[in-house]
Amino acid sequence: MCSCPDANQQLNYNQSHIQQFLIAGGEQGLKNFYTELSVLLLVVYLLVLISNFMVFFAVVLETKLHTPMYIFLSSLSLTDIIITTSVLPKMISVGLRNDIAISFTGCFVQQNTYLAFQITESISLAIMSYDRYVAICNPLRYNDIITPSICVLLSVSACIAGFLLTFPLTMYASRLPYCGNHLMFWFCDFPPVIALSCLDTTILLLTALGVALLVIVVPGSVIIWTYSKIIFAVLKITSVDGRKKAFSTCSSHLSIVVLFYFAHLCVYISSIVKNVHPNVVILTSIMNCLLTPFANPIIYSLRNKELKTAILKHFHINEVFISFSRLHPQ
């Protein structure tokens, strides 16, 4: 059992003893595949960056897409870019270059950024569900209720809420005395880091769990409420084509919501079930980081003709394929 510094030494413990954390990764079974997993993460990360930037700039450049739904979508793409960029480059560096050291400050910056924008995404998905609710259930007042300025305000508010909820926790965690710096994880997630503290962190963990439940249950309740209203409204539409059109406007968002909550549910189950291998917890956390950012642009671009057209137009993808086929004729 680790010995702790006395009360007068605790505030200076971090600076004098822990200057950096060492990202040791998972157990031996996972370490055998570090290089292969890192290459896979690099490929997926590049795809996430390219696809989400394409969605973001397609909305910015195409004036026809300057509507609430696409403003929220571009905000979601930017959030996904930040989430993945906060953790994946370091993960990849650990696997490919054995760059396991991360500064004490850098660890908590990574932690706060990752958690804050996960919360931002949760709130953003609830906001987008409300947008679809107004569009279907109150279409005549839609342009009066969901204005572009309201969209920007809601998106910024979601980001601010994320930081307000996570910053006190990570700041408090950064002031704890630490008795070790070998992090048995692939990034500075909250539970693995504070597990290295010399003090009893039960209350801090329970507080973090309360915040996690808050940002899952409240937005989730909003999503359930809005979609229940949407379903009742759509069922009242007499024409089959009208029902299909109404549901098609929600299908992409609903798919992202299902993936988002599925990934978080996997992380939660893997963390509370006894005898789960530590590597499983790590892999589910990586999946949680990547699943929604990877799927979001694919689902929206495949199911949304306007967005697909804007991407093809502004990034000249058709011209690239034509030029490639001319250079490499069959």
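Residues numbered from 1 in each chain as written. Predicted model: local features only at pLDDT ≥ 70, side-chain atom pairs only at ≥ 80, totals over all residues. Heavy atoms only, no water.

## With respect to the overall build of the chain
Here is the rule: Where helices and strands are cited, they refer to DSSP runs of H or I of at least four residues and of E of at least two residues respectively, numbered from the N terminus. Exposed residues in this analysis have more than 50% of their type's maximum accessible area, buried residues have under 20%, and partly exposed residues fall in between, with area computed by a 1.4 Å probe over protein chains only. Two residues qualify as a contact provided that any one of their heavy atoms is within 4.5 Å of a heavy atom in the partner residue. For the accessible areas, the method is Shrake-Rupley and the probe is 1.4 Å, while residue cover comes only from the protein chains on display.
The helix and strand tally for the chain stands at 13 helices and 3 strands. Per-residue burial for the chain yields a buried fraction of 46% across its 330 residues. Across the chain, every contact between residues at least 6 apart in sequence was considered, and the portion connecting residues at least 24 apart equals 80%. Of the roughly 17,400 Å² of accessible surface on the chain, a fraction of 68% belongs to carbon and sulfur atoms.

## Some words on the state of the cysteines
To be explicit about the condition: Note that a disulfide, as used here, is simply two cysteine sulfur atoms within 2.5 Å.
Using the criterion set out here, one finds 2 disulfides in the structure. Across the disulfide, Cys107 is cross-linked to Cys188 (sulfur-sulfur distance 2.1 Å). Around the S-S axis, the bridge from Cys107 to Cys188 shows a dihedral of about -125° and counts as left-handed. Residue Cys107 is located in helix 5 (residues 104-137), and its partner Cys188 is located in the loop between strand 3 (182-183) and helix 8 (190-194); the two are separated by 81 residues in the primary sequence. When its relative accessible area of 1% is taken as the criterion, Cys188 is described as buried. The connectivity of the disulfides in the chain is 1-3, 2-4, where the numbers refer to bonded cysteines in sequence order.

## Concerning the pattern of salt bridges
Where side chains of opposite charge bring their charged atoms close, a pairing between them can arise. Selection rule: Whenever Lys or Arg places a side-chain nitrogen within 4 Å of a carboxyl oxygen from Asp or Glu, that contact is recorded as a salt bridge.
Tallying each qualifying case throughout the model produces 3 salt bridges. The partner of Asp99 in a salt bridge is Lys90, with the nearest N and O atoms 3.2 Å apart. The exposure class assigned to Asp99 is partly exposed, which follows from its relative accessible area of 28%. Residue Arg132 pairs with Asp131 through a salt bridge whose shortest N-O separation is 2.9 Å.

## Details of the packing of helix 5 against helix 9 (residues 202-235)
Going by this rule: In this analysis an axis means a line fitted to C-alpha atoms, helices contributing only their contacting stretch, and an angle means the value between N-to-C directions, from 0 to 180 degrees. Any angle that is under 35 degrees is reported as roughly parallel, and any over 145 degrees as roughly antiparallel; angles of 65 to 115 degrees are reported as roughly perpendicular and all others as oblique. If you view the pair so one helix is near and one far, a crossing is left-handed when the near helix is turned anticlockwise from the far one by less than a right angle, and right-handed when it is turned clockwise. All amino acids are sorted into three groups, where Ala, Val, Leu, Ile, Met, Phe, Trp, Tyr, Cys and Pro are nonpolar, Asp, Glu, Lys and Arg are charged, and the leftover types, Gly among them, are polar.
Put simply, helix 5 and helix 9 touch, their axes get as near as 9 Å, and they point 15° apart. Put simply, helix 5 runs roughly parallel to helix 9. Of the two elements, helix 5 crosses helix 9, and the hand of that crossing is left-handed. Partitioning the contact of helix 5 with helix 9 into residue classes produces 19 nonpolar, 3 polar and 2 charged.

## Things to note about the sheet that holds strand 2 (residues 101-103)
For clarity, the cut-off: For two strands to pair, DSSP has to find at least two bridges joining them.
Sheet architecture is open: 3 strands sit in the order 2-1-3, paired in mixed fashion. A strand with exactly one partner marks an edge of an open sheet, and here the two such strands are strand 2 and strand 3. Pairing of strand 1 (residues 20-23) with strand 2 involves 3 bridges; the strand directions are antiparallel. Directly across from Leu22, in strand 2, lies its bridge partner Ala101. Together, strand 1 and strand 2 form the strand contacts of helix 5, whose direction differs from that of strand 2 by roughly 85°.

## Focus on the nonpolar core
The condition is simple: The criterion is simple. A nonpolar core is a set of buried Ala, Val, Leu, Ile, Met, Phe, Trp, Tyr and Cys residues joined through side-chain atoms within 4.5 Å.
Within the largest apolar cluster, 45 residues are counted, with the highest numbers of intra-cluster contacts made by Phe21, Leu41, Met91, Tyr178, Trp186, Val193 and Ile286. Where this core is concerned, the elements lending two or more residues are strand 1, helix 3 (34-61), helix 4 (68-97), helix 5, helix 7 (148-174), helix 8, helix 9 and helix 11 (278-303). Among residues more than four places away in sequence, those in contact with Phe21 are Ile100, Ala101, Ile102, Phe104, Cys107, Phe108, Tyr178, Gly180, Asn181, Val193 and Leu196. Membership of the second largest hydrophobic core comes to 38 residues, among which are Leu65, Met69, Val134 and Ala246.

## Structural notes on a nonpolar patch on the surface
The test is simple: Residues form patches when they are more than 30% accessible in relative terms and have no salt bridge. Like charges link within 9 Å. Nonpolar side chains (Val, Leu, Ile, Met, Phe, Trp, Tyr) link within 5 Å.
Among the surface-exposed residues, Val39, Leu42, Val43, Leu46, Leu47, Ile50, Leu96, Phe294, Ile298 and Leu302 lie close enough to one another that they form a single nonpolar patch of about 830 Å² accessible area. Within the fold, Leu42 resides in helix 3. Leu42 sits in the partly exposed class, given a relative accessible area of 32%.

## Re the side chain of His253
The test is simple: Here a polar contact means two N or O atoms within 3.5 Å. Within protein one must be a hydrogen donor candidate and the other an acceptor candidate, and residues neighboring in sequence count only if both atoms are side-chain atoms.
Along the chain, His253 falls in helix 10 (residues 240-272). A distance of 2.8 Å separates the side chain of His253 from the backbone oxygen of Leu125, its partner in a polar contact. Setting aside anything within four residues of it in sequence, one finds His253 in contact with Leu125, Met128, Ser129, Tyr227 and Tyr300.

## Points about the packing of aromatic side chains
How we decide: Centres within 6.5 Å make a pair out of two Phe, Tyr or Trp rings, where for Trp the six-membered ring is used; the pair is then stacked when the planes are under 30 degrees apart, edge-to-face when over 60, and tilted otherwise.
Tallied over the full model, the rule gives 14 aromatic pairs. On the basis of an interplanar angle of 20° and a centroid distance of 5.9 Å, the ring pair of Phe53 and Phe57 is categorised as stacked. Of this pair, Phe53 and Phe57 both sit in helix 3, 4 residues apart, which is roughly one turn of that helix. On the basis of relative accessible area, Phe57 is assigned to the partly exposed category, the value being 35%. On the basis of an interplanar angle of 85° and a centroid distance of 5.4 Å, the ring pair of Phe260 and Tyr261 is categorised as edge-to-face.

## Some details on unusual backbone geometry
Residue Asn98 is not a glycine yet carries a positive backbone phi of 55°. By the element assignment, Asn98 lies in the loop between helix 4 and strand 2.

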